[in-house]
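# Structure at a glance
The chain contents come next:
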Amino acid sequence: MTDSTPHSSHTPATGPAVGQDEWVARHAARGLLPEGPLRRVEERLRVVPWWAWLVLFLATMSLLPVVESSGYVRRVGFDTVLYMLLALGLNIVVGWGGLLDLGYVAFYGIGAYAYAILDSDKFGIHLPTIVAVPLVVVIGAVAGFLVGLPSRRLTGDYLAIVTLFFLQLFQTVMTNGDSAFGHNLTGGPNGILNIDPLHLFGHDLTVQHQGVFAVSYFYVALAFFAVVYVALKFVNASRTGRAWRSLREDPLAAEAMGMPVNWLKLLSFSFGAAVAALTGTLFASLNVSVFPLTFYFVLLITVYTMVILGGSGSQPGVVAGALIISPLLEMLRDPGKSRVIFFAVLVGGIAVAARRSRALGITAAATLAFGFAAHEIARAIDSSWVSGERGGGFAGFVDHWVIHPAQLASWIPPVSYVGLIAATLGVTLLHGHRRLVALVPTLYLAAFVWENVMLSKPEPARYIVLGMILIALMILRPSGLLGERRVEIV
Amino acid sequence: MKKAIGLALAVLAATVVAASAQGGQQVSTQAAAGVSCSGTLKIAFLTPLTGGAGFLGNEQGSWAKYAVKTLAPAMGLKVQLVMGDTPVEQGAAVAQTLAQKYVGDKKVVGIIGPSTSGAAVAATQTFFQAGLAHISPSATKTDLTKSDPSTNGGKLEGTPAFFRDVPGDYIQGPTDARFMINTLHVKKVVIMDFQEPYSTGLASAVDRTLKAAGVATSRLSASNTTTDYSAFVTKVPSDADIVFFPTQKPGDAQTFAQQLLEQGKKAKVFGGDGSNDSSQFKVPGSYVSNFAPDITGFKADAKIIAGWKKDNPGKAVGSFGPPSYGAVQIMLTAIKKACVADHGVIKARHDVLRQMKKVKISNWILGGKFAFSTKSNDPLNAKFYIFQIQSNGSYKLVG
Amino acid sequence: MDQFTQLTVDALTLGSVYALIALGYTLVYGVLKLLNFAHGDVFMVGSFIGFGVLQELGGTSNPVVPVWALLVIVTFAAMAGCAALGVVIERFAYRPLRDAPRIAPLISALGVSFFLSNSMQLLFGADPRNYNTFDLSNGALYLKGFDIGNVRVPLLRIITIVSAFVLMIFLWFLVNRTRTGKAMRATSFDREAAAMMGINIDRVIVFTFVLGSALAGAAGVLFALRVPTTVSIGFVSGLKGFTAAVIGGIGSIPGAMAGGLILGFAESYTQGYVSTKWSDLVVFTILIAFMIFRPQGLLGRADIRKV
């Protein structure tokens, strides 16, 4: 995952050197920090082995229930671990195999439903956990294999369609499964209820204690995560992993070299589906019920965003992606936190970009000034334009900068929103000084729209943020945060 | 560039920590020392605000907000309404997560909702264990308060902390069916469902009663996302009297009725409480059932309606909104009683729960008086009213 | 027999709308080899634009212009609006990714679709919007029509089917009898060779998007004339339009038309004769069968991969 060039502690000075590819060395050097203490720390950190990072990560995560006794935070933590597992699974198919699987969450659903059928009052089967969980994983792997069968003859886009339709198929079958040939197989839209909790070491895992989410599930999920992570790491380092990488980079060349391309594709589908099914068991046993609509398009896009953001192909990357997006989505539900996040991202974004250019710092200052000026002008024109309900603390502080009318005319949200999109797109078209000048009112307009239009409806706003992240990622940085920068040799 | 990203990540992480501190989550889960009634109390409303059923949550939310705004100060309470989005597409998980969130927030003393039966089933255990009373204005699934032998083996899904201010499907179904049998003298009825819990439950209830009376019934099932019912209309026999259409989208009832006319079928559409909207469903001759008469006709409610309309310009009074107003009213009354009983402090959430059952409202927004039944947490003497749509589009009470 | 006639009329109506959506997919795929997932949401936006314009013109209860003018204006407004939207999407979400690996624009399209549907929800709420076509001329469009045997075919359906066909014929004419159409066909055949022949690829692609999105806009209006529209119809309709394009052969214009009609028939007859519950399942099974056994669809070209 990290570039395997010789440690370029010196940039290649003059002419060509024997045994060293100049372009590669230059490319590597570009990514390095300038000389200094930060670079030394970074080089030290680079030699830390991956499992040490994993242990450190697990230790930090394990502290969460100790530090936070709020059931809500623990619950979000649990959900995040589930997302990390899902991201790892999707990484196998998309990141390692290079196959666009748009039906991935159907395997999640298959795992959840399989566990629900095997371990609930529905048919009276109550398999012990030791048997049920591996069985579900196997079922998931088989399902992945079957769905992967058409992939042998289909290329990228077609595979995407078939897998998307598989998702729709899953949805339809699960929703109508309450009258398949007169038998109630899947509970239909009412789902399956009263699923048994996991039973480990002689104890049923308690879900909640006096209404507060209990820690046992969190630790079990972390344990599952650790096992899956390590296992996948080994798979990736094995021959299969290398074969996957070659398949992803150039399927034709891989086939020409004698790799069993079809088998590899099926294998990646199976592995991904197996991980998803495992996650499904955790989900089903914790929620005590499953419904069909959970495993649908919105979940798919969420997991995809995590994988792409983190960097498809990189395990730590996708875990980081899940770690960022899951709490972010949760926090965006709450207007107070959303506001803080927005301004932090704004300020942080400018701060990061300004390191490279003083001009951006000036832009930030200009935006600030522009905002105050606009605010004062608006107040002078009509004081009701700035007297929207003031919250305490941060919200009140921000209200001195952003125009927050008391009453919003009904044409303002659509017009300002569309205007913001137009302005943003326009900024991307300009260059140099003009771009910075145009950026100032755009940033202010963004703050206005966020404060007045999007905060009042956090639910679609969250998903809009997700969609924007996805689009921006694909255009600006398709390799995500920690993914490898792939060079396409046309 | 990677390092810049790393720095940005660090900034983001710091923000995350700061933001979560900002949110001010109360962390204590022990029986709290008590929340003072002179401070701001919170009630949370779990309802679908996005997705296919989003219109439901937005309508209910607007009425709930209005109720909090007008009723709380009158009772001397400072109450903040928090909305939680439980889209039907995301099922149980989000309901449980949000349940955890509100359980963990010490200031939350009562819950309105969950509005959808699926979310109610998912979250009720959490609320019950935390002692939080929750009252739903629209989750009509029978086995939330009464055991229903036809589903789930007769096990009760609800808990003693679950209340509702609208009657359950076990009343609506038979009421509608009996009207059809006794007043309309039907011989053949087509029953539709939409592959989601509300309609399937109601359809089964009506089917059972009709079959028991010897009426010929046939079932049709559309998916939740169906908008074009032409093919379904062709399957309606030309001698069918009624098509029972328990949709939650009045527009679909209108479409179906129009397409029946288009194809020259004589059957009339009979909608459930979800199709109640005189601005959207207005094909003359159709029937609608509702748990309240049209409140726009009530003089006692005129002030409330006018005030709500002022806050929500351009919106029509629907059928899902007023029960939400009522639910908030009941909750606030229970909170007030708990405050009085404990001398200005709510010692524990159970106190509100204890007071809920005793709440009686004399100027009930849906007409008459309100009280809970002694046998279940459903309204006492709940009944359903049947309306017929007249040629000018208005709803006339017929049963 | 009556049921058969009725179902056939339904099938034609449904199929025409699907065909219009499928055409948009096919046109874009032919030129860019990209499956534009956002197309379904452009369709949805079209229906909303139509609604907005309709309200401005007084709504169906008190239209300020004659009925036929109302329908024409609303349709053209939606087509224009969607064409603009399509151009913007292409310029900013797809053009930067033209030389990226094939996965990139696909995922970007998913993001755009998500973004569009949620933006519409943010701005206009989740309530359904009903054109109330029944109110026009006291239900004339529903109750008056031609009779075939015992079945009356209402005016509204005739309008839907005829308009769709007129648009398709117009498209066929554009693509096969004009220079720009020839440029489109050349680009879809081999982009680099077309560029070398002096064709302005960017302009051709923009033109393609304009056409496809305009058709989606028209489909949106035709759809919403009969059933209420919400912000969530984009996904499922997009999926169906897609299915139609693939069945007919993606990249082939007559294929898209045929695919749309086939899909309409399949859905209608399955719902009518087999079971309403499983119609979706049948449709998707047909699709998957096609994908496995004949991925190029009915009229598409078998993909010859040059090594």
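Below is a short write-up of the structure.

### Let's talk about the overall build of chain C
Within chain C one finds 12 helices and 2 strands. Secondary structure elements of chain C, listed N to C terminal, follow the sequence α-α-α-α-α-β-β-α-α-α-α-α-α-α. Taken against the 2.2 N^0.38 rule, which gives 19 Å for 307 residues, the C-alpha radius of gyration of chain C at 19 Å falls within 12% of a compact globule. Overall, chain C is about 60 × 40 × 40 Å in size when its C-alpha atoms are taken along their principal axes. Counting all 307 residues of chain C, 63% fall into the buried class. Sequence-distant contacts, at least 24 apart, represent 77% of the contacts inside chain C between residues at least 6 apart. Here chain C displays about 11,800 Å² of accessible surface, and carbon together with sulfur accounts for 66% of that area.

### Concerning unusual backbone geometry
Residues and elements named next belong to chain B. Across the junction of G113 and P114, the peptide omega takes the value -5 degrees, indicating a cis bond. You can see P114 is positioned in the loop between strand 4 (108-112) and helix 4 (117-130). Its identity as a non-glycine residue notwithstanding, H185 has a phi of 50 degrees, on the positive side. By the element assignment, H185 lies in the loop between helix 5 (169-182) and strand 7 (188-193).

### Quick word on the interface of chain B and chain C
Residue-level contacts link 29 residues of chain B with 31 residues of chain C. Here chain B packs against chain C, burying approximately 2,500 Å² in sum over the two surfaces, 52% of which is carbon and sulfur. Three residues, B:K235, B:Q258 and B:E262, lead the burial of chain B against chain C; their summed loss comes to 24% of the area buried on that side. Seen at the junction of chain B and chain C, the total is 1 salt bridge. With a closest N to O distance of 2.9 Å, C:R157 and B:E262 form a salt bridge. Inspection of the chain B/chain C interface yields 6 residue pairs in polar contact (both at pLDDT 80 or more). Sort the elements by how many residues they give to the side of chain B that touches chain C and helix 8 (residues 250-262) of chain B lands first, with 8 residues. When grouped by side-chain class, the residues that make up the side of chain B that touches chain C number 6 nonpolar, 18 polar and 5 charged.

### Examining the packing of helix 10 (residues 321-341) of chain B against helix 11 (residues 349-356) of chain B
All names here are of chain B. Where helix 10 contacts helix 11, the two axes come as close as 8 Å, and the packing angle between them is 120 degrees. Of the possible angle classes, the one that applies to helix 10 and helix 11 is oblique. Viewed along their axes, helix 10 and helix 11 form a crossing whose handedness is right-handed. Note on element contacts: helix 11 touches helix 10 through D351, V352, Q355 and M356, opposite I330, M331, A334, I335, K337, A338 and A341. Split into classes, the residues belonging to the contact of helix 10 with helix 11 amount to 8 nonpolar, 1 polar and 2 charged.

### Section: the state of the cysteines
All names here are of chain B. By the definition in use, this model includes 1 disulfide over all chains. Here C37 pairs with C339 through a disulfide, and the sulfurs are 1.8 Å apart. Between C37 and C339 the sulfur-sulfur dihedral comes to about -90 degrees; the bridge is accordingly left-handed. Of this pair, C37 sits in the loop between strand 1 (35-36) and strand 2 (40-47) while C339 sits in helix 10, and the two are 302 residues apart along the sequence. For the residue pair C37 and C339, the accessibility class agrees, reading buried in each case.

### Overview of the sheet that holds strand 3 (residues 78-85) of chain B
Residue and element names in this part refer to chain B. The parallel open sheet is built from 5 strands, whose spatial order is 3-2-4-5-6. The open sheet has two free edges, formed respectively by strand 3 and strand 6 (162-164), since each of these has just one partner strand. In this sheet, adjacent strand axes meet at a mean angle of 25 degrees when their direction is disregarded. Across 3 bridges, strand 5 (residues 134-136) lies against strand 6 in parallel orientation. Note on strand 6: the bridge partner recorded for I135 is F163.

### Describing the interface of chain A and chain C
Counting residues at the interface gives 51 residues for chain A, matched by 48 residues for chain C. Summed over the three residues of chain A that lose the most area to chain C, namely A:D157, A:Y158 and A:F165, the buried surface amounts to 15% of that side. The interface formed by chain A and chain C includes 0 salt bridges. Applying the counting criterion to the chain A and chain C interface returns 2 residue pairs in polar contact (both at pLDDT 80 or more).

Calculation rules
- Residues numbered from 1 in each chain as written.
- Chains lettered and ligands numbered in written order.
- Predicted model: local features only at pLDDT ≥ 70, side-chain atom pairs only at ≥ 80, totals over all residues.
- Heavy atoms only, no water.
- Helix = DSSP H or I, 4+ residues; strand = E, 2+ residues; numbered from the N terminus.
- Rg over C-alpha atoms; globule rule 2.2 N^0.38 Å.
- Buried < 20%, exposed > 50% of the residue type's maximum accessible area, 1.4 Å probe, protein only.
- Contact = heavy atoms within 4.5 Å.
- Areas by Shrake-Rupley, 256 points an atom, 1.4 Å probe, with all protein chains shown as cover.
- Buried area = accessible area lost by both parts, 1.4 Å probe.
- Salt bridge = Lys/Arg side-chain N within 4 Å of Asp/Glu carboxyl O.
- Polar contact = N/O pair within 3.5 Å; in protein donor to acceptor, adjacent residues only side chain to side chain.
- Nonpolar A, V, L, I, M, F, W, Y, C, P; charged D, E, K, R; others polar.
- Axes fitted to C-alpha atoms, helices over the stretch in contact; angles between N-to-C directions.
- Parallel < 35°, antiparallel > 145°, perpendicular 65-115°, else oblique.
- Left-handed = near helix turned anticlockwise from the far one by under 90°.
- Disulfide = S-S within 2.5 Å.
- Pairing = 2+ DSSP bridges.

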